[in-house]
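Coordinate inspection notes
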Amino acid sequence: MQWSACRHWRSQDCYKSRIQKSEFRIQNNKAATDFSSDSRTPEFCILLFVMIRKRFFPILFFLCVIAPHANAQDDSLPELVRRIKPSVVAIVTYDAKGERLSRGSGFFTAPDRVVTNRHVLEGSYKAEIHTVNDLTYNVKAVLAVDGEGDIALLQVEIPPSVARPLTIVRTTPQEGESIVVIGNPLGLEGSISNGIVSAVRDIPNFGRIIQITAPISPGSSGSPVINMRGEVVGVATLQLADGQSLNFAVPSDRVVQLQAGQSRTLGELDVATRRSQRATAERFYMQGLGFLSRDDCDKALPYFKKATDADPDYAEAWAQTGFCNGMLGRHAEALKATRQAIRLKPDSPESFMNMGSAFAYLGQFKESVDAYKQAIRLDPNNPDTYFALGVTYGKMSRTEDEIQAYKQAIRLRPDFIAAYEKLASGYFRLNRLNEAIAAYKQVTLLKPGDAVAYDNLGVAYLKLMKYADAVEAFKQAIRLKPDYVRAYYNLGLAYLSQNHRDSAMEQYNILKTLDPDRADQLYNAINP
């Protein structure tokens, strides 16, 4: 997960792990923390994994789920394509000698406005658009450029009646949502590819990137990504780096933010680009983002390094350099790069979150707390920062402060499961059992299929000597996970606390098959 708070502590291990719960076992009638979960990962990585939750992870879809959904939408696909095609254009660029340079795609956003990828225009002195009806019109000027987002707004000399502007929505598409890309790969005007949104990822100091399964071929850069209502949700981007094609989409929100300013000819844009350190750095930056959207920090990092070499004052590139170093476990280098980002952009809460994460991984918890507090001052409404602060307080054994941080996170995000889990754990450690039970119950409401939550709830009941409630909680944990060794063990202890020795022995007999060592522990508790 992104390696600071929820969005900043991220590692490859995190993507393969589920969230580790604070699990407890009762041994000799005494509660003790048990972190012997079947899926072990470093605590920070685990806790931060949850914070990226639905925004940052690809979802796996079973064919039995996807197929009916896709078929239901495919019925309207031909009509959708027929409606959208006239709004999509091919863009052909030429150098100063009039020789053809490149080909890309674009789409109308207004009667005389076309959006495309910035890199499609690179090095060009002239460009023209080709409509689906094989009509050709000149590009008059460049009205706006978003270098980081690799998009540009063009003014086109075209009769208003010819242009068919598309509707652009700022809403981010959902993972699994069906989409269509209409572009012009290899000179084929109006070529169609369809797929789904496989992931929506938050990139610190950039925003969201949309991963799509629809292929983006050379010539299709700048194509609109269309939802099944015919609305533009993104701009398809093809980046080439290290011999690889990096396909993703920039959200349409960045298109909406393009504001026409002083118009420039393509030649003027090219001259300005050649003279600009930032423009060169942005090209490397976008290539790095392409790899980062695939969670490949090893390959992304050199491009962010090239970006900072090209423009040492590029705060966002320094932030990504720090982010990738953090993901790769190079926390000292992450801290160094993040300090540069903060020096250049001191009002970035995400950079302070990254700094807090780096300090935490380096064991400098006081400095980590200070960094998270500054992030909160800059953005007091981010629950992930409070969660990360709580984790750090926990490392310092400042349990009261830890609890308050989790409560703030929950106030901002009432369904923040990981915060409830950690809150319950904090209450348990302080022997505030009724509050721990309330928090564990909230976890079971939010995650009714979580066996660990019921086991932890049972442990709290057991310590509070509410044996009947404990028995029911452990039974529910076993119903959800029939091979749950810890729940059988704790259920045996709960029965023993009720003087139900025979029932406790039944759990012992089950454990002999599942885990002989834990069975021996229960047997010794039954027969001291």
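The sections below set out a description of the structure shown in this document. (Residues numbered from 1 in each chain as written. Predicted model: local features only at pLDDT ≥ 70, side-chain atom pairs only at ≥ 80, totals over all residues. Heavy atoms only, no water.)

Some thoughts on the overall build of the protein chain
Scanning the protein chain for helices and strands turns up 21 helices and 15 strands. Relative to its 528 residues, the protein chain shows a buried fraction of 58%. For the protein chain, contacts bridging at least 24 residues in sequence account for 62% of all contacts bridging at least 6. Accessible area for the protein chain stands at about 22100 Å²; split by element, carbon and sulfur atoms hold 49% of it. (Helix = DSSP H or I, 4+ residues; strand = E, 2+ residues; numbered from the N terminus. Buried < 20%, exposed > 50% of the residue type's maximum accessible area, 1.4 Å probe, protein only. Contact = heavy atoms within 4.5 Å. Areas by Shrake-Rupley, 256 points an atom, 1.4 Å probe, with all protein chains shown as cover.)

Description of the nonpolar core
When a protein is soluble and globular, its nonpolar side chains tend to lie buried together. With 61 residues, the main nonpolar core has Phe-387, Leu-389, Leu-423, Phe-474, Leu-511 and Leu-522 as its most contacted residues. In terms of residue count, the dominant contributor to this core is helix α17 (residues 451-463) (nine residues). With residues near it in sequence (within four places) discarded, Leu-511 still touches Val-485, Tyr-488, Tyr-489, Pro-516, Arg-518, Ala-519 and Leu-522. Formed by 23 residues, the second largest nonpolar core is a distinct cluster that contains Ile-203, Met-286, Tyr-303 and Cys-324. (Core = buried A, V, L, I, M, F, W, Y, C linked by side-chain atoms within 4.5 Å.)

Examining the sheet that holds strand β6 (residues 126-130)
Strand order in the closed barrel formed by six strands is β3-β4-β5-β8-β7-β6, and the pairing between neighbours is antiparallel. Across the sheet, the mean angle separating the axes of adjacent strands is 40° when strand polarity is ignored. Where β6 meets strand β7 (residues 136-146), three bridges bridge the pair, whose relative direction is antiparallel. From the neighbouring strand, Glu-128 faces β7, where its bridge partner is Asn-138. Packing against the sheet, helix α6 (residues 266-275) makes contact with β6 and β7, and its axis sits at approximately 35° to β7. (Pairing = 2+ DSSP bridges. Axes fitted to C-alpha atoms, helices over the stretch in contact; angles between N-to-C directions.)

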